[in-house]
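Tertiary structure, described
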Protein chains: 2
Amino acid sequence: MLYVVGIGPGGEGYFTKKAEEILKNIDLIVCYKGYKKFVERFNKPIYTTGMKKEIDRVDYALKESKDKDVALVSSGDATIYGLASLAYELNEKKNYNIKIEVIPGITSASSCSAILGSPLNHDFVVLSLSDLLTPLDIILKRVKCALDGDFVITIYNPMSKSRKEPFLKAMEIVKEHAEKNNINYVVGIVKNASRENEEYKITTINELIDNLEKYVEFIDMNTTLIIGNSNTKVIDGKMVTPRGYLNKYKVE
Amino acid sequence: MLYVVGIGPGGEGYFTKKAEEILKNIDLIVCYKGYKKFVERFNKPIYTTGMKKEIDRVDYALKESKDKDVALVSSGDATIYGLASLAYELNEKKNYNIKIEVIPGITSASSCSAILGSPLNHDFVVLSLSDLLTPLDIILKRVKCALDGDFVITIYNPMSKSRKEPFLKAMEIVKEHAEKNNINYVVGIVKNASRENEEYKITTINELIDNLEKYVEFIDMNTTLIIGNSNTKVIDGKMVTPRGYLNKYKVE
């Protein structure tokens, strides 16, 4: 049997009890090599592969699941930019007939929202800027649609060392929309969320654009951005998107 | 000090270790009366209020936080349609100067995605259809923008006994978009996710529209819908949105 397990940001405090119990009871853990450190404490055999070896990793996990209980581990939630879909797809394509169960985890949107304050407290979008598997024109169209809908926008995989274009183009679109509608969006940036060396900044789209080089230097693959909607504000240094209670009900 | 704690769907297995530890160590729990059953096991004093009494609840939690450690508990994630923003807002408005910390939880999008298969494995929107605090025209505009962006759409609070109009209008928009673009979207519906009496259905927008009465009967406030994007498919009875690996890499 294959368990596809989301472990949240990595630290023990963010594992669910269910993920914890499964990892204690399986025969083999399969994960990205960078996440081995998060699951070593279970004292199980661990098989890892690197970036761009996702198909090998999932295929190995499925093959081993024939006569073992295997956990394919993703950070965050395994169905949110994780490997759960690939597991279902390969299982079908290769006729493995393995039973698959997904265990949800704390995704980066949730952990970053808690760190920044409460920016996701109204309708929001979750969007990856990685153009490795998705054409850039689709990504940029989604940025436009999200702005048109006044959604809060959570951005995963904003940049890597060799991939800066999608981020720069996306920020250009946000800036244009902000200028046209005269909104200076609040922007929250979290690096290494709930991990060692966690850092966050709360700024605005104007400040970000005016100091673009500084922010491009700061942002990496372990960074998540949250761009507020037109009502998002800063309260006591925290980024807060009102749900609307104080518009509806009088508070004295 | 006030901890705003997301506990996931409610069952012990979905609490994070961090949420568990905080609830073991605080002096008072404040929550919606329907969720009392999920936190009684901590043997702490519990203050509850009902629906539409959110401001009273948060205000009480903040006042008690002056000389106690208080946990304001939300199901799911406290920053996603929970009470985290209201806590920050009231704290400022009433000059309480309480220290607030948010603990993330498994939101319904994650728990439902795991139950349905892996529908959130590409860019998605999280949208509430409750027009109690948000004007219906904004909600419906967001449905349109989400469809234009080909986002997977996760719908919270689809209907209550007295509030069916936003759902019916939203489905009308999805149907029109589906017809125009000749896409029969896969739709996943989860009721009482990860709770007693959990039920799920995987259908399509055409089937849903053709049997609207049956679905309106089924869907309630404890139901979450996930509408796939144009690539979402059904594999072995599960709803799966491909991330794109099998388009990019050849698998034999």
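Higher on the page you've got the structure.
Described below are features of the structure shown in this document. Since this is a predicted model, take the numbers as computed values, not measurements.

**A word on the nonpolar core**
Counting residues in each nonpolar core, the largest one holds 64 residues, and the members touching the most others are Phe167(A), Met171(A), Leu225(A), Phe167(B), Met171(B) and Leu225(B). The residues touching Leu225(A), leaving out its near neighbours within four places in the chain, are Ile153(A), Thr154(A), Ile155(A), Pro158(A), Phe167(A), Met171(A), Val187(A), Gly188(A), Ile189(A), Leu208(A) and Ile219(A). Counting residues in hydrophobic clusters, the runner-up holds 32 residues, among them Leu120(A), Ile80(B), Tyr81(B) and Val186(B).

**Brief notes about the pairing of strand β9 (residues 186–191) of chain A**
Residue and element names in this part refer to chain A. In terms of residue burial, β9 counts as a mostly covered element, since 6 of its 6 residues are buried. Alternating positions in β9 separate into two faces, Val-186, Gly-188 and Val-190 on one and Val-187, Ile-189 and Lys-191 on the other, with burial throughout. Summarising the sheet, β9 and strand β10 (residues 199–204) pair through 6 bridges and their orientation is antiparallel. Paired with Val-186 across the strands is Thr-204, a residue of β10. In this sheet, strand β11 (residues 223–227) lies alongside β9 in antiparallel orientation, the contact comprising 5 bridges. In the strand pairing of β11, Gly-188 is matched with Ile-226.

**Some remarks on the relation of the copies chain A and chain B**
Between chain A and chain B, which share one sequence, the superposing operator has a rotation angle of 180° and an axial displacement of 0.0 Å; the RMSD is 0.0 Å. What we have between these two chains is a two-fold relation.

**A look at the sheet that holds strand β13 (residues 238–240) of chain B**
Residues and elements named next belong to chain B. Here 3 strands make up an open sheet; going across it, the order is β6-β13-β12 and the pairing mixed. Taken across any chain shown, the strands that pair with only one partner, and hence form the sheet edges, are β6 (117–118) and β12 (233–235). Two strands pair when backbone bridges link them, and β12 and β13 are joined in this way by 3 bridges, in the antiparallel orientation. Within the sheet, the bridge partner assigned to Ile-235 lies in β13 and is Lys-238.

**Comments concerning the pairing of strand β1 (residues 2–6) of chain A**
All names here are of chain A. Of all 5 residues in β1, 5 are buried, a share of seventy percent or more. Side chains Leu-2, Val-4 and Gly-6 of β1 all project onto a buried face; the interleaved residues Tyr-3 and Val-5 project onto the opposite face, where all are buried too. Here 4 bridges tie β1 to strand β5 (residues 100–103), and the two strands are oriented parallel to one another. Bridged to Val-5 within β5 is Ile-103.

**With respect to the interface of chain A and chain B**
Taken together, the contacts link 75 residues of chain A with 75 residues of chain B. Here chain A meets chain B over a buried area of about 7,000 Å², counting both sides, of which 59% is carbon and sulfur. Of all residues in chain A, Leu133(A), Arg142(A) and Tyr245(A) give up the largest surface area on contact with chain B, accounting jointly for 11% of the area buried on that side. Across the chain A-chain B interface, the total number found is 10 salt bridges. The residue Lys233(A) makes a salt bridge to Glu89(B) at a minimum N-O spacing of 4.0 Å. The interface formed by chain A and chain B holds 46 residue pairs in polar contact (both at pLDDT 80 or more) in total. Counting residues per element, the side of chain A that touches chain B draws most heavily on helix α4 (residues 84–93) of chain A, which supplies 9 residues. Class assignment for the residues of the side of chain A that touches chain B results in 31 nonpolar, 21 polar and 23 charged. Summarising the sheet, strand β7 (residues 124–128) of chain A and strand β7 (residues 124–128) of chain B pair through 3 bridges and their orientation is antiparallel.

Conventions adopted
- Residues numbered from 1 in each chain as written.
- Chains lettered and ligands numbered in written order.
- Predicted model: local features only at pLDDT ≥ 70, side-chain atom pairs only at ≥ 80, totals over all residues.
- Heavy atoms only, no water.
- Core = buried A, V, L, I, M, F, W, Y, C linked by side-chain atoms within 4.5 Å.
- Buried < 20%, exposed > 50% of the residue type's maximum accessible area, 1.4 Å probe, protein only.
- Contact = heavy atoms within 4.5 Å.
- Helix = DSSP H or I, 4+ residues; strand = E, 2+ residues; numbered from the N terminus.
- Pairing = 2+ DSSP bridges.
- Least-squares fit on C-alpha atoms with pLDDT ≥ 70 in both.
- Buried area = accessible area lost by both parts, 1.4 Å probe.
- Salt bridge = Lys/Arg side-chain N within 4 Å of Asp/Glu carboxyl O.
- Polar contact = N/O pair within 3.5 Å; in protein donor to acceptor, adjacent residues only side chain to side chain.
- Nonpolar A, V, L, I, M, F, W, Y, C, P; charged D, E, K, R; others polar.

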